[in-house]
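So the chains spell out like this:
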Amino acid sequence: LSEKDMQQSFKYYEKVSTLSDSLDYTYGKSLAQINLALLLFNSANFDASNIANFKAIDYADECGALRLKSVALNNIGENFRILNDFSKCREYTNRAIDINKSINAVRGVANNYELLQQCDLKQELYGDAKKNLDSGISYALASNDSYIISMYYVGYGKLHAVAGRKDSAIYYFNKALN
């Protein structure tokens, strides 16, 4: 809903936040902050989104919710990518990778490596982009998530396109479409 109906999404965030506070449910508090961060991200309020994600991390640490912590770290990385602060993007995304690997969250690891290659492409670090795609593709395939798999094929396609290998680029872009 956060991409379709911001007002309704915000109402749901408020309900989750209020209920979690009244129950002193720390996991719910973390999840509410992650959802608020996504709403703020979709509103292009990246600094406020980071603040919510950092609160989510504090709550996740408090209740031992490693998956929520890794999601918030990845979200912070995404915010910094949008802000073209690639060093901070890499810092937070690599922290998320470590956590996701430790809990065997294959979709999370796939998302993390895909985010890193976006930074690399933006900075024209094509060798690093390929390494990150190669590091994450097995996780993407293991996740069986067609969206994340397609993003990997788009990444490979872009690498072939910048190298002037038109046929290979088209091959990967078609795989992404399929």
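The structure under discussion appears in the preceding block.
A few points on the structure. (Residues numbered from 1 in each chain as written. Predicted model: local features only at pLDDT ≥ 70, side-chain atom pairs only at ≥ 80, totals over all residues. Heavy atoms only, no water.)

Attention now goes to the overall build of the protein chain. Tallying secondary structure elements over the protein chain gives nine helices and zero strands in all. Beginning at the N terminus, the succession of helices and strands in the protein chain can be written as α-α-α-α-α-α-α-α-α. Rg of the C-alpha trace for the protein chain: 17 Å, near the compact-globule value of 16 Å for 178 residues, within the 12% margin. Each principal axis of the C-alpha atoms in the protein chain carries an extent, and together these give about 60 × 35 × 30 Å. Residues classed as buried in the protein chain amount to 44% of the 178 residues present. Here the protein chain displays about 9600 Å² of accessible surface, and carbon together with sulfur accounts for 50% of that area. Within the protein chain, one finds 20 positive and 20 negative side-chain charges whose respective centroids are separated by 5 Å. (Helix = DSSP H or I, 4+ residues; strand = E, 2+ residues; numbered from the N terminus. Rg over C-alpha atoms; globule rule 2.2 N^0.38 Å. Buried < 20%, exposed > 50% of the residue type's maximum accessible area, 1.4 Å probe, protein only. Areas by Shrake-Rupley, 256 points an atom, 1.4 Å probe, with all protein chains shown as cover. Lys, Arg positive; Asp, Glu negative; His and termini not counted. Charge placed at Lys NZ, Arg CZ, Asp CG, Glu CD.)

Right, let's talk about the environment of Gln7 for a bit. Its place among the elements puts Gln7 in helix α1 (residues 6-23). For Gln7, a relative accessible area of 65% corresponds to the exposed category. Each C-alpha atom of the pair Gln7 and Lys122 lies 33 Å from the other, and the pair is 115 residues apart in sequence.

Turn by turn, an α-helix covers 3.6 residues, leaving residues three or four places apart pointing in a common direction. Counted at 1.5 Å a residue, the expected span for helix α2 (residues 26-42) with its 17 residues is 24 Å, and the 24 Å between its end C-alpha atoms agrees. Here α2 has its buried residues at Thr26, Gly28, Lys29, Ser30, Ala32, Gln33, Ile34, Leu36, Ala37, Leu39 and Leu40. Residues of α2 that are buried in the fold lie against α1, α3 (46-63) and α4 (66-82). Once α2 finishes, Ala44 follows within two positions and takes phi at roughly 65°, a positive value. (Expected span 1.5 Å × (residues − 1). Contact = heavy atoms within 4.5 Å.)

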